[in-house]
Amino acid sequence: MSNVNLMKSWVDAGLIRYVDYALVKFTQEQTQNVSDEALLAIMLTSHSVALGQVCINLEDVINTPEALFSMDEGDDEAQQVARVQMLEWINGLSLQAWIEVIKGCPAVAVTDASGTVEGDPNSPLVLVENNGSALLYLRRYWQAEDIIVKAIRARLMSSSQIDDSDIRSLLADLFDGNKEFVTDTDWQRIACGIAASNHFSIITGGPGTGKTTTVLKLLALLQAERLKQALPPLAIRLAAPTGKAAARLNESIADNLQRLQLPELENIQPEDLKAVIPTQVMTLHRLLKPKPNSRQFMHNKANPLVADIVVVDEASMIDIEMMASLFEGIEPTTRVILLGDKDQLASVEAGYVLGDLCRGALEGHYTPDTMEWIKNVCGEEMSDDYRDEQGSMLNQAVCMLRKSYRFLEGGVIHRLASLVNEERDNYLEAPKMDELKDIFAEKDAVNGVPVLRLLTQPQHSDSVLEADFKKLITFGYGHYLDVVAQMPQNLDAKAFDQWGKKVLQAHTNFQLLVALRKGDWGLEGMNDQIERLLVSDKKLMNIDSLWYLGRPVMVTQNDYSVDLMNGDIGISLRYPVNGELKQRVVFSDGKGGVRWVLPSRLQSVETVFAMTVHKSQGSEFHHTAMLLPSQSSPILTKELIYTGITRSKKHFTLISGGEKVLEEAMNRKVERTSGLSLYIS
Ligand SMILES: Nc1ncnc2c1ncn2[C@@H]1O[C@H](COP(=O)(O)OP(=O)(O)OP(=O)(O)O)[C@@H](O)[C@H]1O
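An unreviewed UniProt entry lists the protein under the name RecBCD enzyme subunit RecD, with Marinomonas communis given as the organism. The Catalytic activity (unreviewed entry) field of the UniProt record for the protein holds the comment "ATP + H2O = ADP + phosphate + H(+)". On record in UniProt, under Subunit (unreviewed entry), the comment for the protein is "Heterotrimer of RecB, RecC and RecD. All subunits contribute to DNA-binding."

Turning to the UniProt feature "domain: AAA+ ATPase" (unreviewed entry) in the protein, a few remarks are in order. On the UniProt side, "domain: AAA+ ATPase" (unreviewed entry) is annotated at positions that read residues 197-378 here. Secondary structure across residues 197-378 divides into 40% helix and 13% strand, with the first and last C-alpha atoms of the span separated by 11 Å.

All right, on to helix α16 (residues 368-378) then. Regarding α16, the residues found buried are Thr370, Met371, Trp373, Ile374, Val377 and Cys378. Buried residues in α16, looked at end-on, bunch into an arc of 160°, giving them a common side. On its buried face, α16 sits against α8 (164-174) and α9 (187-197).

Okay, the environment of Gly658 next. In this structure, Gly658 sits in the loop between β23 (648-656) and α24 (659-666). The class for Gly658 is buried, based on a relative accessible area of 10%. Distance in space between the C-alpha atoms of Gly658 and Ser630 is 5.3 Å, their sequence separation being 28 residues.

The next point concerns the pairing of strand β19 (residues 594-597). Taken together, the 4 bridges between strand β18 (residues 580-588) and β19 define a ladder with antiparallel strand orientation. By the bridge assignment for β19, Val585 is matched with Val597. Counting the residues in the hairpin turn of β18 and β19 gives 5 residues, including Gly590, whose phi is positive at 80°.

The next point concerns unusual backbone geometry. At Lys289, a position not held by glycine, the phi torsion is positive, near 60°. Position of Lys289 relative to the elements: it lies in the loop between α13 (284-288) and β9 (309-312). By relative accessible area, which is 46% here, Lys289 ends up partly exposed. Phi is positive for Lys538, close to 60°, though the residue is something other than glycine. Among the secondary structure elements, Lys538 is positioned in the loop between α21 (523-536) and β16 (552-555). Here Lys538 falls in the exposed class, since its relative accessible area comes to 71%.

Thresholds applied
Residues numbered from 1 in each chain as written. Predicted model: local features only at pLDDT ≥ 70, side-chain atom pairs only at ≥ 80, totals over all residues. Heavy atoms only, no water. UniProt positions renumbered as here; feature names shortened; annotations may be inferred. Helix = DSSP H or I, 4+ residues; strand = E, 2+ residues; numbered from the N terminus. Buried < 20%, exposed > 50% of the residue type's maximum accessible area, 1.4 Å probe, protein only. Arc of directions from axis to C-beta. Contact = heavy atoms within 4.5 Å. Pairing = 2+ DSSP bridges.

Right, here's the structure in full:
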């Protein structure tokens, strides 16, 4: 079998996608005498996009080829055979020789970190060589990365428009005065100062560390500075990557702004300042205005959005192409502030933009000049641990908030999340598993209900786990299904609106998260099992009809025709139309009310008794339960568990198919290759 036919057999085995093979076929047809090894590299680059990678690092592929199989794959025999064939081929490669044949392939243009591209300017692939590393990209992702790198670099190089003395006095007014003695480092104050003096900045931190609070103070500072000079207020736009995240932020901004105690700044009254801080948050798509039936936006390089500042929250969910569209869609002078939790899972689509940009955030990497500036302007003296003579320009524009105000510092959910997030060498340090069990053993409770529960095999036999699981599900989902059962007796639309709102609210009470899509422990298997369980408990009826009463659904693709975004959640209910009850799905309207949508208008939805951890990003639930499978999988990482835990507001239950699986997952990190952090320095 020729090697290209071999690749075709990998498609048949389900190891790679047809599109990966099609690119190889296309390259072979367009170019003569292209070597099989170059075609393999092209296929792997395309295949890696499905794993969220924007490029492949050729050396990493040779050293750790198993990382190419991180998908939620089945374990069938054909796939195993295909996997062995691919590994054998990769094992026979030598890095230098591989780089040379790739460089010789006409489908590949070559560049270095300077960005000068040699070769066909329209070649489908680009090889970037830098300091001995060789990254191979599909051109589209290389271009996206290039746009981001240039846009951030240009902003980092532009000088601050506010005098340090103004920042100093405004920070002193906004935070607790000029500090006369050193207390705990106030990272919010530092973040505010850094973001005030930079044209591009990132404020990262775990849940409840005050990202929203800090950005509101920052906006107050920037507006005060403007109003003081009798200039019109700055045009500020707030955005988030998904509809769900935008709706949540809408609420939290309005709520935080109302509670924010602003002093009089520069003789400007707090109410006047609050009046020029926007509270409306829209999705990035809406901000940039999509062109119908296209991946392009109305706001682009030729027609940029006019704004002085764009703040984007939940930035960990932004993939590489969306981030590039954002930078292309705004003016070069627009200040960009990204907020997000760098430790959350990376975006579903290719890229790990926030994670890459925040690589040094934990350690700070502030240069002596920045340390001095922080001391003089922010009034904060930092430990030398955060100093780095070689800190990059990007490092100076990033600040990590480290104290959670939502879960009391030391609260068990917060401690659990921090433990999972830690990178620890279990051979040298105490194993995470022991500490995890200790945290779960603590008896914290809210209203008599334990905050944390851990159900793992083998401590709990199958049957105990089953009984506990049943109880958890029927209790968890029973609450909103009881509200579903309280359908208004008359056909008054207002009463139905109120009912819909109560159902949606009750639904945020509990959510089961799963790691995988396939298998009994995955999304599909679990949705079926839960439906059956709820029927046997008489909480659900008629589940044979697709739109049975109470079916929770999640939108899986943005749909502008019905104004629903990927991740929006609706519940199948009934609504009076011309005196008759009709099937409708109720969704939040994002403004505190509800909207009713005809089921036939919902093109991409799935039942959401179980939700993947990926899709849960940007949401929070009163009680979150997370199910980890009994079989280990590369998809189970510390970022996944951390994201699951941090979706919980009050209670968290972990159901693990095995202790070993949990332990391995806590020690596995998401690895995504990109040039972002390499090229922005
Ligand atoms: N310095 C502070 N002192 C006291 N309370 C604070 C402080 N900073 C934030 N908070 C409170 O902590 C809570 C969480 O803050 P905030 O919403 O700003 O955090 P966040 O990081 O944006 O959270 P999320 O993870 O939801 O995005 C809010 O109730 C806020 O008022």
